[in-house]
Amino acid sequence: KNEVEQSPQNLTAQEGEFITINCSYSVGISALHWLQQHPGGGIVSLFMLSSGKKKHGRLIATINIQEKHSSLHITASHPRDSAVYICAVRGGAQKLVFGQGTRLTINP
Amino acid sequence: DAGVTQSPTHLIKTRGQQVTLRCSPKSGHDTVSWYQQALGQGPQFIFQYYEEEERQRGNFPDRFSGHQFPNYSSELNVNALLLGDSALYLCASTGGTTEAFFGQGTRLTVV
């Protein structure tokens, strides 16, 4: 079993829909990252969380430390949100352990 | 601030050759981590450098080695390249407990 599990692996939705991507982890962490990766490879950090909830524009990230679970929500989704979203947890010494990613496609 | 920069962006090598990839961390960051991302997979941790020493290592063979310079920039070296080494190689920099910043990656193709 992977230390970081994401679901779903693939998600296709229509423009405007509310999107939820889930991340569960099995190790102790100091922080959890949500990352966005577009075709071509570059990774952009969306959020770094250690507790509670963060919001940036149409993106919301939550984390429940006791349940070892985090969610990334996208409100009013748009085709430009199409990308791979990756959850990564930071344990000791700043090493990141990545989930497999969720490929999101938003159709117009 | 240019953020994290990696070079080259693309590279094609032949089996058995050696390759060196380079990473300059974000200004103020002293820790550099290298990751390998195979097609369709999440990145896998190779190793991390801090204060010019390898601090942690993932499950990669000794063919993968690295170096960190006094200015915190880093190199990843891979010897005796195999077809399976074809991947996107990502560099991430951090400083203390700050957010990680990633470079655009180097796409290595071994033929």
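Before reading on, note that the structure itself is shown above.
Conventions used here
- Counting restarts for each chain, with residues numbered from 1 along the sequence as it is written.
- Lettering for chains starts from A, numbering for ligands starts from 1, and both go in the order in which the items are written.
- For a predicted model such as this one, the threshold for reporting local features is a pLDDT of at least 70, and the threshold for listing and counting side-chain atom pairs is 80 or more; totals across whole chains, interfaces and linings nevertheless cover every residue.
- Side-chain metrics in this entry use all non-hydrogen atoms of the structure; hydrogen atoms and water are not considered.
- Contacts were defined at the residue level, with two residues in contact if any of their heavy atoms lie within 4.5 Å.
- Using a 1.4 Å probe, buried area is obtained as the accessible area two parts lose upon being combined, added over both of them.
- The salt bridge definition used is simple: a Lys or Arg side-chain nitrogen within 4 Å of an Asp or Glu carboxyl oxygen.
- Under the rule applied, a polar contact is a pair of N or O atoms within 3.5 Å (in protein, one hydrogen donor and one hydrogen acceptor; residues adjacent in sequence only if both atoms are side-chain atoms).
- The way it works is that DSSP assigns letters per residue, a run of H or I at least four long becomes a helix, a run of E at least two long becomes a strand, and they are numbered from the N terminus.
- Burial classes: relative accessible area under 20% of the type maximum marks a residue as buried, over 50% as exposed, and values in between as partly exposed (1.4 Å probe, protein chains only).
- If DSSP finds at least two bridges between two strands, the strands pair.
- The definition of a nonpolar core used throughout is a set of buried Ala, Val, Leu, Ile, Met, Phe, Trp, Tyr and Cys residues joined through side-chain atoms within 4.5 Å.
- Two cysteine sulfurs form what is called a disulfide whenever their separation falls within 2.5 Å.
- Axis definition: a line fitted to C-alpha atoms, over the contacting stretch in the case of helices. Angles run 0 to 180 degrees between N-to-C directions.

## Here's the deal with the interface of chain B and chain A
Counting residues at the interface gives 23 residues for chain B, matched by 20 residues for chain A. It is P43(B), E99(B) and F102(B) in chain B that bury the most area against chain A; as a group they hold 28% of the surface buried on that side. Between chain B and chain A we count 0 salt bridges in total. Across the chain B-chain A interface, the total number found is 5 residue pairs in polar contact (both at pLDDT 80 or more). For the side of chain B that touches chain A, the elements supplying multiple residues, two or more each, are β4 (31-37), β5 (44-50), β6 (53-57) and β9 (87-94) of chain B.

## Details of the pairing of strand β4 (residues 31-37) of chain A
Residues and elements named next belong to chain A. The buried fraction of β4 is high, at 7 of 7 residues. Both faces of β4 are covered, namely the face carrying A31, H33, L35 and Q37 and the face carrying L32, W34 and Q36. When β4 meets strand β9 (residues 83-90), the two strands line up antiparallel, connected through 7 bridges. Its bridge partner being in β9, L35 is matched across the sheet by I86. As judged from the 6 bridges shared by β4 and strand β5 (residues 43-49), these two strands associate in the antiparallel manner. Paired with L35 across the two strands is S45, which belongs to β5. The antiparallel pairing of β4 with β5 creates a hairpin that spans 5 residues between the two strands, and G40 there sits at a positive phi of about 105°.

## Focus on the nonpolar core
Core analysis: the biggest nonpolar cluster contains 24 residues, and I19(A), L32(A), W34(A), L72(A) and Y85(A) have the highest contact counts within it. For this core, the secondary structure elements donating two or more residues are β2 (10-14), β3 (19-25), β4, β5, β7 (59-64), β8 (69-74), β9 and β11 (102-107) of chain A. Apart from residues lying up to four places away in sequence, Y85(A) is in contact with Q6(A), I21(A), L35(A), Q36(A), L46(A), L72(A), I74(A), G101(A), T102(A) and L104(A). Core analysis: the next-biggest nonpolar cluster, separate from the first, contains 19 residues, L21(B), V32(B), W34(B) and V110(B) among them.

## A few points about the state of the cysteines
Residue and element names in this part refer to chain A. Throughout the structure, instances matching the rule amount to 2 disulfides over all chains. Paired through a disulfide, C23 and C87 show a sulfur-sulfur distance of 2.0 Å. Because the sign of the S-S torsion sets the handedness, a value of about -60° for the bond joining C23 and C87 places this disulfide among the left-handed ones. Here the residue C23 occupies a position in strand β3, and C87 occupies one in strand β9, the gap between them amounting to 64 residues. Of the residues examined, C23 reaches a relative accessible area of 0% and is grouped as buried.

## Observations regarding the environment of L32(A)
Residue and element names in this part refer to chain A. Position of L32 among the secondary structure elements: in strand β4. For L32 and I43, which are 11 residues apart along the polypeptide, the C-alpha to C-alpha distance reads 15 Å. In this structure L32 touches C23, Y25, F47, M48, L49, I63, S70, C87, A88 and V89, once residues within four positions along its chain are discounted.

## What to know about the sheet that holds β7(A)
All names here are of chain A. Within the open sheet, the 5 strands sit side by side as β1-β3-β8-β7-β6. Their pairing is antiparallel. A single partner strand is all that each edge strand has here, and the edge strands are β1 (4-7) and β6 (52-56). Neighbouring strand axes in the sheet, compared pairwise and without regard to direction, differ in orientation by 15° on average. As judged from the 4 bridges shared by β1 and β3, these two strands associate in the antiparallel manner. Looking across to β3, one finds that S7 is bridged to N22.

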